[in-house]
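This is what each chain is made of:
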Amino acid sequence: MEAIIEQSRVFYFDWELDLLHWFQSIHNDVLDWLVPKITSLGNAGWFWIVVTLLLLILPYNRKIGVHAAISLILTVIVCNVILKPWVMRCRPCWLEPEVQMLVKIPHDFSFPSGHSNASFAVATAIFIRNKKLGIPALLLAAAIAISRLYVFVHWPTDVLVGSLIGICGGIVSYYIVEFIYKKTMTVDKNL
């Protein structure tokens with residue numbers, strides 16, 4: 001852990017630290033119990049992976065599932081494989097170890113937020129194809145993203161950029177899925 005902290009780059013805007021300190025000021029027993037449970041839904045993307053698999057399994061939602069899967073794969077590559085190791089941003093909890101943590105301290109870099117990215121990637125894919133399911137998915141994605149600030153593991157710009165990459169991934173993957181389905185339909189008609 002110390003090696004990764006030493007490698008990390010420290011940069012943030014003053015307003016980001018002010019906002020994180022504000023979140024620390026609103027801590028109470030109810031939120032301290034609830035918010036870690038919300039944030040855990042984004043751990044390793046497990047919740048969104050399960051949602052995607054369920055959508056893939058159910059025949060009438062399969063296209064949404066394909067869309068969500070492609071969106072998730074694309075954005076995880078951009079965020080976790082490319083950006084995090086390239087930017088190497090320090091987490092706020094590494095700078096202020098005196099803050100009482102409600103979750104385990106992450107051992108990877110901060111920018112961008114993977115929780116926000118995965119949440120918005122799948123939620124956007126769902127929303128594009130089904131507004132009725134998409135609105136609750138987007139609300140949950142926003143709650144997970146905001147929870148990362150409350151638990152003091154991300155800077156606000158980490159969450160903002162992670163969310164934007166997820167949204168863009170959901171939009172871009174829509175066109176990829178449409179292209180794939182058109183090609184598949186064309187091939188089927190020619191057989």
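The structure presented is a predicted model; accordingly, all values stated were derived computationally and were not measured. (Residues numbered from 1 in each chain as written. Predicted model: local features only at pLDDT ≥ 70, side-chain atom pairs only at ≥ 80, totals over all residues. Heavy atoms only, no water.)

Draft legend 1. Region of the structure containing the overall build of the protein. Each helix and strand counted, the protein has nine helices and zero strands in total. Written out in order from the N terminus, the α and β elements of the protein read α-α-α-α-α-α-α-α-α. Computed over its C-alpha atoms, the radius of gyration of the protein comes to 18 Å, within 12% of the 16 Å expected for a compact globule of 191 residues. Across its three principal axes, the protein shows a C-alpha extent of roughly 65 × 35 × 25 Å. Accessible surface, the protein as shown: approximately 10300 Å² in total, 71% of it carbon and sulfur. Charged side chains in the protein number 15 positive and 13 negative. The centres of these two groups are separated by 20 Å. (Helix = DSSP H or I, 4+ residues; strand = E, 2+ residues; numbered from the N terminus. Rg over C-alpha atoms; globule rule 2.2 N^0.38 Å. Areas by Shrake-Rupley, 256 points an atom, 1.4 Å probe, with all protein chains shown as cover. Lys, Arg positive; Asp, Glu negative; His and termini not counted. Charge placed at Lys NZ, Arg CZ, Asp CG, Glu CD.)

Draft legend 2. Fine view of the nonpolar core. One finds W48, W94, V122 and I126 to be the most contacted residues of the largest nonpolar core, which totals 35 residues. Those residues in contact with V122 that lie beyond four places of it in its chain are W48, V51, T52, A68, S71 and L72. (Core = buried A, V, L, I, M, F, W, Y, C linked by side-chain atoms within 4.5 Å. Buried < 20%, exposed > 50% of the residue type's maximum accessible area, 1.4 Å probe, protein only. Contact = heavy atoms within 4.5 Å.)

Draft legend 3. Seen up close, a nonpolar patch on the surface. Together, W46, I49, V50, L53, L54, I57, L58 and Y60 make up a nonpolar patch on the protein surface, roughly 810 Å² of accessible area in all. Along the chain, the position of L58 falls in the loop between α4 (46-57) and α5 (62-87). Assessed through its relative accessible area of 32%, L58 is described here as partly exposed. (Patch = residues over 30% accessible without salt bridge, like charges linked within 9 Å, V, L, I, M, F, W, Y side chains within 5 Å. Salt bridge = Lys/Arg side-chain N within 4 Å of Asp/Glu carboxyl O.)

Draft legend 4. Highlighting the packing of α4 against helix α7 (residues 114-129). As a packed pair, α4 and α7 sit with axes 10 Å apart at the nearest point and diverge in direction by 25 degrees. Here α7 runs roughly parallel to α4, going by the angle between their axes. Where α4 crosses over α7, the two elements pack in a sense that is left-handed. Along its contact with α4, which presents W48, V51, T52 and L55, the element α7 presents A118, S119, V122, A123 and I126. Taken together, the residues of the contact of α4 with α7 break down into seven nonpolar, two polar and no charged. (Axes fitted to C-alpha atoms, helices over the stretch in contact; angles between N-to-C directions. Parallel < 35°, antiparallel > 145°, perpendicular 65-115°, else oblique. Left-handed = near helix turned anticlockwise from the far one by under 90°. Nonpolar A, V, L, I, M, F, W, Y, C, P; charged D, E, K, R; others polar.)

Draft legend 5. Focus on the state of the cysteines. Scanning all chains against the criterion turns up zero disulfides. The thiol sulfur of C79 is not disulfide-bonded, and the nearest other cysteine sulfur, from C168, lies at 10 Å. Using a relative accessible area of 45% as the deciding quantity, one classes C168 as partly exposed. (Disulfide = S-S within 2.5 Å.)

Draft legend 6. Representation of the layout of surface pockets in the model. Size it by volume and the largest pocket reaches roughly 380 Å³. In terms of lining, the largest pocket is formed by 24 residues, of which the most central are G42, N43, A44, G45 and H115. Only α3 (29-40), α5 and α7 provide two or more residues apiece to the lining of the largest pocket. Looking at side-chain class alone, the lining of the largest pocket contains nine nonpolar, 10 polar and five charged residues. (1 Å grid on protein atoms, 1.4 Å probe; cavity = no way out; pocket = protein on both sides within 12 Å on 5 of 7 lines; lining within 4 Å. Points joined across faces, edges and corners; volume = space filled by probe spheres on them.)

Draft legend 7. View of the packing of aromatic side chains. Per the stated rule, a full pass over the model turns up seven aromatic pairs. Seen from their ring centres, F13 and W15 are 6.3 Å apart, and the 15 degrees between their planes marks the pair as stacked. Classification of W15 as partly exposed rests on a relative accessible area of 46%. Measuring from centroid to centroid gives 5.0 Å for W22 and F23, while their planes differ by 70 degrees, and the two rings are edge-to-face. (Phe/Tyr/Trp six-rings, centres within 6.5 Å; stacked < 30°, edge-to-face > 60°.)

Draft legend 8. Spotlight on the side chain of E96. Structurally, the position occupied by E96 is in the loop between α6 (92-95) and α7. One buried charged residue, E96, remains without a salt bridge, the closest side chain of opposite sign being R89 at 12 Å. If near-sequence neighbours (up to four positions away) are discounted, E96 is found in contact with L17, H21 and F152.

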